[in-house]
Amino acid sequence: MERFGPTRRGGPVFRWLGEPLAIDLANTVMVVRDGESVDLLATAEELAIWLNRQRPRIGDCDFALRNLTELRAAREDIRALLAAAEREEALPAGPLERVNALSAAAPVAARLAIDEEGRPPRLEQTAEARGMTGLLGSLARSTIELVAEHPQQPVKVCRAPSCGMFFRGRRRWCCAACGNRARAARHYRRLRSGNRGSP
């Protein structure tokens, strides 16, 4: 984490977590500027930080530390599908096939959970696969849901300078800080274009 210092949001790496699981993984590629990015999962130590922050919803997944290359490959497929959905383009065949295969390899069983206090039964989805297969299956299903729900719940890419993060919703930028930075950049461009005509 120290290698990158604060993120462009002024906080520690992964401060921005909280989107659907697939988006949280996709955003571990940080866009520094056009054509230049930083991999925030370049080492097992960085992955350990991400996994620890995600522990409340994915449980103990330390086994993934031995499978960093596999996780990063899945991330590239996820990013490709999210980007195509955002641009409303045809989904790329390779990533689509691989993400579907990850989901199929980790089936989920629906069951009715009975409450001991007599409340109505509730539906639960129980993952049948464990380990890396289960984690990749969860990421694949998160991706599938995001793409399938677009455009009702749009997947977007933040267009603020030096951002490029995925997010979901109808707002224009991923966060207020990016909105402020985008407005400041637009104001600066207007000032520069106005000064070009000055003697």
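Residues numbered from 1 in each chain as written. Predicted model: local features only at pLDDT ≥ 70, side-chain atom pairs only at ≥ 80, totals over all residues. Heavy atoms only, no water.

### Points about the state of the cysteines
Alright, step 1. Tallied over the full model, the rule gives zero disulfides.
Alright, step 2. Free of any disulfide, C174 has its nearest cysteine sulfur in C178, 3.7 Å distant.
Alright, step 3. The exposure class assigned to C174 is buried, which follows from its relative accessible area of 14%.
Alright, step 4. As a non-bridged cysteine, C175 has C174 as the owner of its nearest cysteine sulfur, 3.9 Å distant.
Alright, step 5. Using a relative accessible area of 24% as the deciding quantity, one classes C175 as partly exposed. (Disulfide = S-S within 2.5 Å. Buried < 20%, exposed > 50% of the residue type's maximum accessible area, 1.4 Å probe, protein only.)

### Digging into the packing of aromatic side chains
Alright, step 1. On inspection of all chains with the given rule, the structure shows one aromatic pair.
Alright, step 2. Look at F14 and W16: their rings are 5.8 Å apart centre to centre, the planes differ by 80°, and that puts the pair in the edge-to-face class. Of the two residues, F14 and W16, neither departs from the other in class, the shared state being buried. (Phe/Tyr/Trp six-rings, centres within 6.5 Å; stacked < 30°, edge-to-face > 60°.)

### Points about the confidence of the model for the protein
Alright, step 1. In the predicted model, the protein carries a mean pLDDT of 85, and the fraction of residues at 70 or more is 83%.
Alright, step 2. Averaged pLDDT values over the elements of the protein bottom out at 64 in helix 6 (residues 176-196) and peak at 98 in helix 4 (residues 93-104). (pLDDT = per-residue confidence, 0-100. Helix = DSSP H or I, 4+ residues; strand = E, 2+ residues; numbered from the N terminus.)

### Overview of unusual backbone geometry
Alright, step 1. With omega at 15°, the peptide bond leading from H150 into P151 counts as cis.
Alright, step 2. In this structure, P151 sits in the loop between helix 5 (131-149) and strand 5 (155-157).
Alright, step 3. You will see that E88, though not glycine, has its phi angle at about 55°, which is positive.
Alright, step 4. You can see E88 is positioned in the loop between helix 3 (68-87) and helix 4.

### Side note on the packing of helix 3 against helix 5
For any two helices packed against each other, one specifies the inter-axial angle together with the distance between the axes.
Alright, step 1. One can describe the packing of helix 3 onto helix 5 by two numbers: an axis separation of 10 Å at closest approach and a directional angle of 5°. With respect to each other, helix 3 and helix 5 are oriented roughly parallel. The segment helix 3 lies against helix 5, with E70, L71, A74, I78, L81, L82 and A85 engaging M132, L136, L139, T143, L146 and V147.
Alright, step 2. Here the contact of helix 3 with helix 5 is composed, by residue class, of eleven nonpolar, one polar and one charged. (Axes fitted to C-alpha atoms, helices over the stretch in contact; angles between N-to-C directions. Parallel < 35°, antiparallel > 145°, perpendicular 65-115°, else oblique. Contact = heavy atoms within 4.5 Å. Nonpolar A, V, L, I, M, F, W, Y, C, P; charged D, E, K, R; others polar.)

### Looking at the pairing of strand 1 (residues 29-33)
Side-chain direction in a regular strand flips from residue to residue, so the side chains alternate between the two faces of the sheet.
Alright, step 1. With four bridges joining them, strand 1 and strand 2 (residues 36-39) adopt antiparallel strand pairing. Across the sheet, residue R33 finds its bridge partner in strand 2, namely E36.
Alright, step 2. With antiparallel pairing between neighbouring strands as the criterion, strand 1 and strand 2 make up a hairpin whose turn holds two residues, including G35 at a positive phi of roughly 80°. (Pairing = 2+ DSSP bridges.)

### Thoughts on the environment of L112
Alright, step 1. Locating L112 in the fold gives a position in strand 3 (residues 108-113).
Alright, step 2. On the basis of relative accessibility, which here comes to 59%, the residue L112 falls in the exposed class.
Alright, step 3. L112 sits 13 residues away from Q125 along the chain, and the two C-alpha atoms are 8.9 Å apart.
Alright, step 4. Ignoring anything within four residues of it in the chain, the contact list for L112 reads P121, R122 and L123.

### Some thoughts on the nonpolar core
Alright, step 1. Counting 46 residues, the largest nonpolar core has L47, W50, L82, L135, L139, C158 and F166 as the members making the most contacts within it.
Alright, step 2. At the level of secondary structure, the elements contributing two or more residues to this core comprise helix 1 (21-26), helix 2 (44-58), helix 3, helix 5, strand 5 and strand 6 (166-168).
Alright, step 3. Ranked by residues supplied to this core, first place goes to helix 3 with eight residues.
Alright, step 4. Each residue touching L135, except ones within four places of it in the same chain, is listed here: I58, C61, F63 and A64. (Core = buried A, V, L, I, M, F, W, Y, C linked by side-chain atoms within 4.5 Å.)

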